[in-house]
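# Examination of the molecular architecture
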Amino acid sequence: RLFAFINDLPSEERAALEANLPAVKDLAARLAAAIGGIFTRTLDLSGGPGVISRLVKKGGPWGYANPNITDDRYPTEGTGITQVRYRILRGAELKRLDGIVYMADVDAAFAKERMRRCTAAEALLVVAEDKQIGRGEHPLVAFIAGARDAFVVYERDAGRYLYLYSDDVRWYAYCVFVGVCE
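What this report covers is the structure whose coordinates are included nearby.

### Some remarks on the overall build of the chain
The secondary structure content of the chain amounts to 6 helices and 10 strands. For the chain, buried positions account for 42% of its 182 residues. Sequence-distant contacts in the chain: of pairs separated by 6 or more residues, those separated by 24 or more amount to 67%. Taken as a whole, the chain presents about 10200 Å² of accessible surface, with 53% of it coming from carbon and sulfur.

Written out as structure tokens, the structure is:
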């Protein structure tokens, strides 16, 4: 939609936007996340082994990246190129009276919105392609399909961090949660 909008602009305005396209794409992604938009990114599984490590590297530079996020722990299935459609849900909209968001609440919201948990590769694709998500006061949480694991991306002035949590079921309402649209 963004590119259709840009193409419909008068040539002078289009040239100005195209000259600043990375900043425009970053702003569009942040706005879409703020209003619950759906993003589409391309996931390339055709490179053979090493998909997870390539995506971790692409998501950096990291102040810290959990060394247990590996191809051995999260083997990828399938080959070729696929389109991944995902959406960000704000924890503030899912929290209970105690101010906590439970994993079950996120899973229920995903089901209601026709979403599912990400595979490890899909989660890392989001992390690599949309680096503005997880900045500031809203860490990105991606529950991994088929596991009780979650990748958490948090960025502050000191750097960008990729954590791996296992068996955590309680999350703060200031987090944002990524799910894949079915």
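That shown, we press on.
### Re unusual backbone geometry
Glycine aside, residues mostly have negative phi angles, and peptide bonds mostly take the trans form. Cis geometry is found at the peptide bond from Gly-60 to Pro-61, where omega equals 5°. Mapped onto the elements, Pro-61 comes out in the loop between helix H4 (51-59) and strand S2 (64-65). The backbone of Arg-114 sits at a positive phi, close to 60°, despite the residue not being glycine. Within the secondary structure layout, Arg-114 lies in the loop between helix H5 (103-112) and strand S5 (115-116). A positive phi is found at Asp-167, a non-glycine position, where the angle reads about 65°. With respect to the helices and strands, Asp-167 occurs in the loop between strand S8 (159-166) and strand S9 (170-172).

### Some details on the pattern of salt bridges
Under the counting rule described, the total for this entry stands at 10 salt bridges. Of the charged contacts in the structure, one is a salt bridge between Asp-149 and Arg-73, with a shortest N-O distance of 3.1 Å. Of this pair, Asp-149 sits in strand S7 (residues 149-156) while Arg-73 sits in the loop between S2 and strand S3 (81-90), placing them 76 residues apart in sequence. Among the salt bridges present, the one from Asp-107 reaches Arg-117, with a minimum N-O distance of 2.8 Å. Taken as a pair, Asp-107 in helix H5 and Arg-117 in the loop between S5 and helix H6 (120-129) lie far apart in primary sequence, 10 residues in all.

Procedures and definitions
Along each chain, numbering runs from 1 in the same order as the chain's sequence is written. Local features in this predicted model are restricted to residues whose pLDDT is 70 or higher, and side-chain atom pairs enter the listing and the counts only when it is 80 or higher, whereas totals over whole chains, interfaces and linings include all residues. The side-chain quantities take in all heavy atoms of the structure and omit both hydrogens and water. Every helix listed is a DSSP run of H or I at least four residues long, and every strand listed is a run of E at least two residues long, numbered separately from the N terminus. A simple rule labels every residue: compare its accessible area, found with a 1.4 Å probe on the protein chains alone, to the largest value its type can have, and call it buried under 20%, exposed over 50%, or partly exposed in between. Contacts: residue pairs with any heavy atoms within 4.5 Å of one another. Accessible surface area values rest on a Shrake-Rupley calculation with a 1.4 Å probe, where residue burial reflects the displayed protein chains alone. One side-chain nitrogen of Lys or Arg within 4 Å of one carboxyl oxygen of Asp or Glu is enough to make a salt bridge.

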